[in-house]
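Examination of the molecular architecture
Read off the chains here:
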Amino acid sequence: MSQRFALAFLLVSSLAGPASAQGKGDPAAGAAVAGVSLALIAVVGIGGLLVYCAPTVIALMRGHANTASIAVVNLFLGWSLIGWVVALAWSFSATENRQRYRAG
């Protein structure tokens, strides 16, 4: 996880360029780079939020009987990879009630 953060930090900081780090260059160009950096952070953040909420959205779309429980697991345990995978697998589980039939 820290490697991903380091790569994202390097990517965003490289967008600033050496001119802004040295205090030289066009101020309008620095503002444009800052705008691009902010847009990149927003896109990555929204994308991450969509992936994080995927089990809940899938359960809602499938009309799962345990959608509320899946949402709770996703909300409180989704930050750990195990909790997110459990919620995702649960959201893909059977949605219809199974009835046991007695022979005879």
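This text gives an overview of the structure that appears in the document. (Residues numbered from 1 in each chain as written. Predicted model: local features only at pLDDT ≥ 70, side-chain atom pairs only at ≥ 80, totals over all residues. Heavy atoms only, no water.)

Next up on the list: the overall build of the chain. Counting its regular elements, the chain contains 5 helices and 0 strands. Secondary structure of the chain in N-to-C order comes out as α-α-α-α-α. When the 104 residues of the chain are sorted by exposure, 14% land in the buried category. Long-range contacts, defined as pairs at least 24 residues apart, comprise 49% of the intrachain contacts of the chain with a sequence gap of at least 6. Looking at the chain as shown, the accessible area adds up to about 8200 Å², and 71% of this sits on carbon and sulfur atoms. (Helix = DSSP H or I, 4+ residues; strand = E, 2+ residues; numbered from the N terminus. Buried < 20%, exposed > 50% of the residue type's maximum accessible area, 1.4 Å probe, protein only. Contact = heavy atoms within 4.5 Å. Areas by Shrake-Rupley, 256 points an atom, 1.4 Å probe, with all protein chains shown as cover.)

Moving on, we get to helix 4 (residues 67-77). Considered for burial, the residues of helix 4 that qualify are T67, I70, V73 and N74. Along the axis of helix 4, the buried residues cluster in a sector spanning 125 degrees; they form a single face. Facing away from the buried side of helix 4 by more than 90 degrees, the exposed set consists of A68, L75 and F76. (Arc of directions from axis to C-beta.)

At a minimum axis distance of 8 Å, the contact between helix 3 (residues 54-62) and helix 5 (residues 81-91) shows a crossing angle of 10 degrees. Taken as axis vectors, helix 3 and helix 5 run roughly parallel relative to one another. On helix 5, the residues that touch A54, P55, I58, A59 and R62 of helix 3 are W84, A87, L88 and S91. Class assignment of the residues belonging to the contact of helix 3 with helix 5 gives a composition of 7 nonpolar, 1 polar and 1 charged. (Axes fitted to C-alpha atoms, helices over the stretch in contact; angles between N-to-C directions. Parallel < 35°, antiparallel > 145°, perpendicular 65-115°, else oblique. Nonpolar A, V, L, I, M, F, W, Y, C, P; charged D, E, K, R; others polar.)

A contiguous nonpolar surface patch, about 590 Å² in accessible area, is contributed by V72, L75, F76, L77 and W79. With respect to the secondary-structure elements, V72 resides in helix 4. Residue classification places V72 among the partly exposed positions, given a relative accessible area of 44%. (Patch = residues over 30% accessible without salt bridge, like charges linked within 9 Å, V, L, I, M, F, W, Y side chains within 5 Å. Salt bridge = Lys/Arg side-chain N within 4 Å of Asp/Glu carboxyl O.)

With that settled, consider the side chain of T56. As for its position among the elements, T56 is in helix 3. Residue T56 is classed as buried on the basis of its relative accessible area of 16%. When residues no more than four places from it in sequence are discounted, the contact partners of T56 are I70, A71 and N74.

Right, let's talk about the packing of helix 4 against helix 5 for a bit. Relative orientation of the contacting elements helix 4 and helix 5 amounts to 165 degrees, with a least axis distance of 8 Å. As judged from the angle between their axes, helix 4 and helix 5 are roughly antiparallel. In terms of crossing hand, the pair formed by helix 4 and helix 5 is left-handed. On the side of helix 4, the interface is formed by S69, I70, V73, N74 and L77, while helix 5 contributes G83, W84, A87, W90 and S91. Residues that form the contact of helix 4 with helix 5 fall into these classes: 6 nonpolar, 4 polar and no charged. (Left-handed = near helix turned anticlockwise from the far one by under 90°.)

Relative to the helices and strands, F92 is located in the segment after helix 5. Sequence separation of F92 and I58 is 34 residues, and the distance between their C-alpha atoms is 7.5 Å. Not counting the four nearest positions on each side in its chain, F92 is found in contact with I58 and R62.

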